[in-house]
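# What the coordinates show
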Amino acid sequence: MIFHVCTLFPEMIENACATSIFGRGMKAGHIRLDTVNIRDFSINNYNRVDDYPYGGGAGMVMEPEPIFRAVKSVTDGCEKPVRVIYMTPQAEILSQTKVEELAREEELVLLCGRYEGIDERVLQEVVTDYVSIGDYVLTGGELPALVLMDAVARFVPGVLNNEESSQVESLQDNLLEYPQYTRPEVWHGKPVPPVLLTGDHKKITAWRYAASRQRTMERRPDLMKKALQVTAMYTGGETAAKAAALLCDAVSNYGSVMDYNRNKLKKQILKLGPGDLAVFVAEDGEELLSAISRMRPGNTPCAAYLPASATEEEMEALCAGLTAKGFSVIASGFYSEEIDEEEASLLALALRKILWKG
Ligand code: 6GU
């Protein structure tokens, strides 16, 4: 990943990037940082890059031409079209989904403003994405750019080691992380929750899921309506089973997979609510629809996946069948015979973008 940062304070970016995990990722060659000093593209004497705002008012506005030239100096050297992100509080707030989307790019251009802002006309010409980091005002876009780069870098292959990688998925269920404990077993009279000492991983996962939900309820009740219980259900052979398992893992840390080839499951009446997310994977759409005929959705969102060999008509028929049953089909996609984690995460990202809109 190459980060190009256009700023009036390149040393602020360089210093912060040199340390810790980000610095290690740069040294190892996984991340490259290229700072561009907007002042080097000033078009007047005194290296001025700002001027008084038309219409009056306090503060200064950054002139369009130096910014245009600074950004152009970067994009001219890029082979593919590259996203230019303007850090501004007048924008959508950065989310984990957006971070993962940006991490799929090979290069990013980050534009940091100072003063009261940037002439609107150059923004219209060069900017592809507007990103804020929260509803508060900072003196410039440099700290937000660093926040974005740090969050994106975690998804760049090789940047995190194995231990650090296990943290990658923490926000994907829209739940806060569960509490953590280390030695000693009793500290200030407070014992570690006993289940964590049992070595029973099923129980530990269940405890952590419950603890995550409770913590989210207490601290971020607004997130709860986005915290869906994921169930992946499939019919068909090995590839469908594999696709269901991979998709389930890519969407949730706490999802479960159900094999609807089994008659026992087909006969059960499974009730689903609006807090569930059903992920259907079918080798054959009609077969799946008949297998889940006894399922009772209640305003339940779902996603439908068919093999790449299936036609658009088959997909339409499956989605129509699911809708008729009472599901709300929010996404659909085709999986390949060779589906792997990478493909599943791409399909899951598309689903999450629709589900949680950022
Ligand atoms: Cl991206 N820029 C500035 N200047 N202030 C902010 C911000 C960005 N996000 C939140 N506050």
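Residues numbered from 1 in each chain as written. Predicted model: local features only at pLDDT ≥ 70, side-chain atom pairs only at ≥ 80, totals over all residues. Heavy atoms only, no water.

Once that is clear, we can look at the overall build of the protein. A count of helical and extended segments in the protein gives 14 helices and 16 strands. Taken along its principal axes, the extent of the C-alpha atoms in the protein is 80 × 65 × 40 Å. When the 358 residues of the protein are sorted by exposure, 46% land in the buried category. A separation of at least 24 residues holds for 76% of the contacts in the protein among residues at least 6 apart in sequence. Accessible surface computed for the protein: about 19,200 Å², of which carbon and sulfur atoms make up 51%. Side chains of the protein carry 37 positive and 51 negative charges; the gap between the two charge centres is 9 Å. (Helix = DSSP H or I, 4+ residues; strand = E, 2+ residues; numbered from the N terminus. Buried < 20%, exposed > 50% of the residue type's maximum accessible area, 1.4 Å probe, protein only. Contact = heavy atoms within 4.5 Å. Areas by Shrake-Rupley, 256 points an atom, 1.4 Å probe, with all protein chains shown as cover. Lys, Arg positive; Asp, Glu negative; His and termini not counted. Charge placed at Lys NZ, Arg CZ, Asp CG, Glu CD.)

What follows covers the environment of His188. Its location among the elements puts His188 in the loop between strand E8 (186-187) and strand E9 (190-191). Assessed through its relative accessible area of 62%, His188 is described here as exposed. When the C-alpha atoms of His188 and Phe3 are compared, they prove to be 46 Å apart, with 185 residues separating the residues in sequence.

Further remarks concern the site of the ligand. The immediate surroundings of the ligand are formed by Met87, Thr88, Pro89, Val131, Ser132, Ile133, Gly134, Tyr136, Leu138, Gly140 and Pro144. Interatomic distance of 3.2 Å between a backbone N/O atom of Leu138 and a nitrogen atom of the ligand. In this structure, a nitrogen atom belonging to the ligand sits 3.5 Å away from a main-chain N or O atom of Gly140. For the ligand, whose unbound accessible area comes to 290 Å², protein coverage reaches 95%. At three residues, strand E5 (residues 83-93) tops the list of elements feeding residues into the shell around the ligand. Here the residues of the shell around the ligand sort into seven nonpolar, four polar and no charged. (Near = heavy atom within 4 Å. Polar contact = N/O pair within 3.5 Å; in protein donor to acceptor, adjacent residues only side chain to side chain. Nonpolar A, V, L, I, M, F, W, Y, C, P; charged D, E, K, R; others polar.)

According to the domain assignment, the protein consists of domain 1 (2-163) and domain 2 (228-357). One C-alpha centre belongs to domain 1, the other to domain 2; they are set 39 Å apart. With four residues of domain 1 at the interface, the matching set in domain 2 holds six residues. Note on domain 1 versus domain 2: buried area summed over both sides is about 540 Å², and carbon and sulfur give 46% of it. The partner of Glu342 in a salt bridge is Arg104, with the nearest N and O atoms 3.3 Å apart. The interface formed by domain 1 and domain 2 contains four residue pairs in polar contact (both at pLDDT 80 or more). Its residues assigned to classes, the side of domain 1 that touches domain 2 shows no nonpolar, one polar and three charged. (Domains from an automatic or database assignment. Buried area = accessible area lost by both parts, 1.4 Å probe. Salt bridge = Lys/Arg side-chain N within 4 Å of Asp/Glu carboxyl O.)

Between helix H4 (residues 96-103) and helix H14 (residues 341-356), the shortest axis-to-axis distance is 10 Å and the interhelical angle comes to 145°. Between H4 and H14 the crossing geometry is left-handed. Note on element contacts: H14 touches H4 through Leu349, Arg352 and Lys353, opposite Thr97, Glu100 and Glu101. Grouping the amino acids of the contact of H4 with H14 by side-chain chemistry returns one nonpolar, one polar and four charged. (Axes fitted to C-alpha atoms, helices over the stretch in contact; angles between N-to-C directions. Left-handed = near helix turned anticlockwise from the far one by under 90°.)

The subject of this paragraph is a nonpolar patch on the surface. A surface patch of nonpolar side chains, about 280 Å² in accessible area, is lined by Tyr136, Leu138 and Leu143. In this structure, Leu138 sits in the loop between strand E7 (129-132) and helix H6 (142-153). (Patch = residues over 30% accessible without salt bridge, like charges linked within 9 Å, V, L, I, M, F, W, Y side chains within 5 Å.)

Paired through backbone hydrogen bonds, the strands of a sheet run either parallel or antiparallel to each other. Taken in spatial order, the five strands of this open sheet run E2-E1-E6-E5-E7, and their pairing is parallel. Every other strand in the sheet has two partners, leaving strand E2 (32-37) and E7 as the edge strands with one partner each. Ignoring strand direction, the axes of neighbouring strands in this sheet form an average angle of 30°. Where strand E1 (residues 2-7) lies against strand E6 (residues 107-112), five bridges are found, and the strand directions are parallel. (Pairing = 2+ DSSP bridges.)

It is worth spelling out the packing of aromatic side chains at this point. Under the definition given, this model contains four aromatic pairs. Ring geometry for Phe3 and Phe22: centres 5.8 Å apart, planes at 35°, overall tilted. Of this pair, Phe3 sits in strand E1 while Phe22 sits in helix H2 (residues 20-27), placing them 19 residues apart in sequence. For Phe3, a relative accessible area of 0% translates into the label buried. According to the relative accessible area criterion, Phe22 is buried, its value standing at 6%. When the ring of Phe280 is compared with that of Phe327, the centres are 5.1 Å apart and the planes differ by 85°; the resulting orientation is edge-to-face. Here Phe327 lies in strand E16 (residues 327-335) and Phe280 lies in strand E13 (residues 276-282), a separation of 47 residues in the sequence. Exposure remark for Phe280: the relative accessible area of 0% places this residue in the buried category. (Phe/Tyr/Trp six-rings, centres within 6.5 Å; stacked < 30°, edge-to-face > 60°.)

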